[in-house]
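# Summary of the model geometry
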Amino acid sequence: MNLNLTLIGQAIAFAVFVWFCMRYVWPPVMQSLQERQKKIADGLDAASRANRDLELAQEQANETLRESKEQAAQILEQAHKRSNQMIEEARENARLEGERMIANARAEIDQEINRAKEELRAQVARLAIEGAERILESSIDEAKHRELVDKLATEL
Amino acid sequence: MAGNNPTTTEYIQHHLQNLTFGLHPERGWSIAHSADEAAEMGFWAIHLDTMGWSIALGVLFLWVFRKAAKAATTGVPTGLQNFVEMMVEFVDNSVKETFHGKSKLIAPLSLTIFCWIFLMNLMDLVPVDVLPMLAQKIGAMFGADPSHVYFKVVPTTDVNATLGMSLSVFALIIFYAIRSKGFSGFIAELTLHPFSTPNKFAQALLIPVNFLLETVTLLARPISLALRLFGNLYAGELIFILIALLGLWQLPLHFPWAVFHILIIVLQAFIFMMLTIVYLSMATEEQH
């Protein structure tokens, strides 16, 4: 085993290889490794964020659904109330109208009766005067007795 | 088998000899024709097979990883990118668990160490005779005597290769220690531990002892790092060579040893990487 120049040659070759590796091999590989690591980390991050967003959205959707259901129930209830109210109002109106119509009819009847009474009275007065004329056979001062007869007629 | 019916010893020796190019005292710059000639070249020689294979494998590693790095996307990774990212993350995690400082160098350094050593070790699983015989055929084409063409395929079975790396790591250990603690801090660490006393005079006496102990501790790191890897792979290679000598019996034996060896290959690459990280983090952090 003789030591010779090979030793120095090997050392030089070794140094050159190490230099080359340090300069041209290690950095790009390491860089791509780190970049990939970062990319994967970012991807995982994004996935978890998306998951969280999805959960949030689902929650929101549920909330909205619940709210709309509530609203619908409220609206339905209001509609019910309103329709009941309308029916009630209509009923009340109808009742009032009926009453009014009855009152009108009554008033008309009363009027009719009064008018009939007036007519009758007038006729009675006329008849009474005619009768009295015939009985007395003399003319009566119509102007003089008119008040008297009318008074009589009102007493009928 | 190598050469013209070599003996067992010759066969083994042939397999354990590197293809050496160097300055021979008599023949000048040339390829060594024998182990003795290679030894005579002394320090001014270079192992062509070790250098060739290690550089080729290092380039292969960087080419594959660079290709994946260029095409890297942040989308869903496929095929090669998946594999490269897996390796990078594995190394990155190992570094982060052990090294708590901030350094742009240590992670790529560890990745290079792991992949490069793994690939170099992996050459051990290529059947021991295939590439040397190929080299001999090619050598013969260029007019060389085939028995003189030595070829050792696994760079990590060459102590030069492992020492080259571990000494580089050692330089980094010292660099990091001085950078994080200052030069005086580094010297203090070498001289004021493990024995220390408030008495100044006694402390002065203890400094040489401490220095000796700490220097041995420090130097043991790169040497053990290199020899651990070298020893494991050398032994593994040697056993492959011995199994190859068994004739027909080698057929059922190669497979279990290769399977077992896969474990060693990965484990040694991993140990070299982990120990580098541990040593560097020890150099950076406050000790004792």
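A quick note: this is a predicted structure, and the numbers were derived from the prediction, not measured.

All right, on to the overall build of chain A then. For chain A, the helix and strand inventory stands at two helices and zero strands. Relative to its length of 156 residues, chain A is extended, with a C-alpha radius of gyration of 60 Å against a globular reference of 15 Å. C-alpha extents for chain A along the principal axes are approximately 195 × 25 × 15 Å. When each of the 156 residues of chain A is scored for burial, the buried share is 15%. Approximately 12600 Å² of chain A is accessible, and the part contributed by carbon and sulfur atoms is 57%. Computed over 22 positive and 28 negative side-chain charges, the inter-centroid distance for chain A is 10 Å.

What follows is about the sheet that holds strand β1 (residues 20-24) of chain B. Residues and elements named next belong to chain B. Pairing is antiparallel in the open sheet, where three strands are placed in the order β2-β1-β3. Each edge of the open sheet carries a strand with a single partner, namely β2 (28-31) and β3 (45-47). Strand-to-strand, the axes of this sheet are offset by a mean angle of 15°, without reference to chain direction. Bridging between β1 and β3 involves three bridges; their strand directions are antiparallel. By the bridge assignment, F21 is partnered in β3 with I46.

Time to look at the UniProt feature "transmembrane region" (unreviewed entry) in chain A. Residues annotated by UniProt as "transmembrane region" (unreviewed entry) correspond here to residues 6-26 of chain A. A distance of 27 Å separates the end C-alpha atoms of residues 6-26 of chain A, which is 100% helix and 0% strand.

Right, let's talk about the interface of chain B and chain A for a bit. With 55 residues of chain B at the contact, the number on the chain A side is 29 residues. Carbon and sulfur atoms make up 75% of the area that chain B and chain A hide from each other, which totals about 3700 Å². Here chain B and chain A share one salt bridge between them. The partner of E85 of chain B in a salt bridge is R36 of chain A, and the shortest N-O contact between them spans 2.8 Å. Across the contact surface, chain B and chain A share eight residue pairs in polar contact (both at pLDDT 80 or more). Counting only elements with at least two residues in the side of chain B that touches chain A, the list comes to α2 (35-40), β3, α3 (48-70), α4 (79-98), α5 (106-122), α7 (159-191) and α8 (200-244) of chain B. No other element matches α3 of chain B, which puts eleven residues into the side of chain B that touches chain A. Looking at the side of chain B that touches chain A residue by residue, the classes come out as 34 nonpolar, 14 polar and seven charged.

This paragraph deals with the pairing of β1 of chain B. Residue and element names in this part refer to chain B. One ladder, built from four bridges, connects β1 with β2; its direction is antiparallel. Residue pairing for β2: G22 is matched across the bridge by S30. Remark: three residues form the turn of the hairpin made by β1 and β2, two consecutive strands paired antiparallel.

With that settled, the discussion passes to the UniProt feature "transmembrane region" (unreviewed entry) in chain B. Residues and elements named next belong to chain B. Here the UniProt-annotated "transmembrane region" (unreviewed entry) positions come out as residues 44-65, 105-123, 159-178, 229-251 and 257-280. For residues 44-65, the end-to-end C-alpha separation is 34 Å, with 82% helix and 14% strand making up the annotated structure. The span residues 257-280 shows a helical share of 100% and a strand share of 0%, and its end C-alpha atoms are spaced 34 Å apart.

Attention now goes to the environment of R66 of chain B. Within the secondary structure layout, R66 of chain B lies in helix α3. For the pair R66 of chain B and V84 of chain B, spaced 18 residues apart in sequence, the C-alpha to C-alpha distance is 9.5 Å. R66 of chain B has contacts with F20, Y24, V25 and P28 of chain A, leaving out every residue within four places of it along the chain. For R66 of chain B, the side chain forms a polar contact with the main-chain oxygen of Y24 of chain A, separated by 2.7 Å.

What counts and what doesn't
- Residues numbered from 1 in each chain as written.
- Chains lettered and ligands numbered in written order.
- Predicted model: local features only at pLDDT ≥ 70, side-chain atom pairs only at ≥ 80, totals over all residues.
- Heavy atoms only, no water.
- Helix = DSSP H or I, 4+ residues; strand = E, 2+ residues; numbered from the N terminus.
- Rg over C-alpha atoms; globule rule 2.2 N^0.38 Å.
- Buried < 20%, exposed > 50% of the residue type's maximum accessible area, 1.4 Å probe, protein only.
- Areas by Shrake-Rupley, 256 points an atom, 1.4 Å probe, with all protein chains shown as cover.
- Lys, Arg positive; Asp, Glu negative; His and termini not counted.
- Charge placed at Lys NZ, Arg CZ, Asp CG, Glu CD.
- Pairing = 2+ DSSP bridges.
- Axes fitted to C-alpha atoms, helices over the stretch in contact; angles between N-to-C directions.
- UniProt positions renumbered as here; feature names shortened; annotations may be inferred.
- Contact = heavy atoms within 4.5 Å.
- Buried area = accessible area lost by both parts, 1.4 Å probe.
- Salt bridge = Lys/Arg side-chain N within 4 Å of Asp/Glu carboxyl O.
- Polar contact = N/O pair within 3.5 Å; in protein donor to acceptor, adjacent residues only side chain to side chain.
- Nonpolar A, V, L, I, M, F, W, Y, C, P; charged D, E, K, R; others polar.

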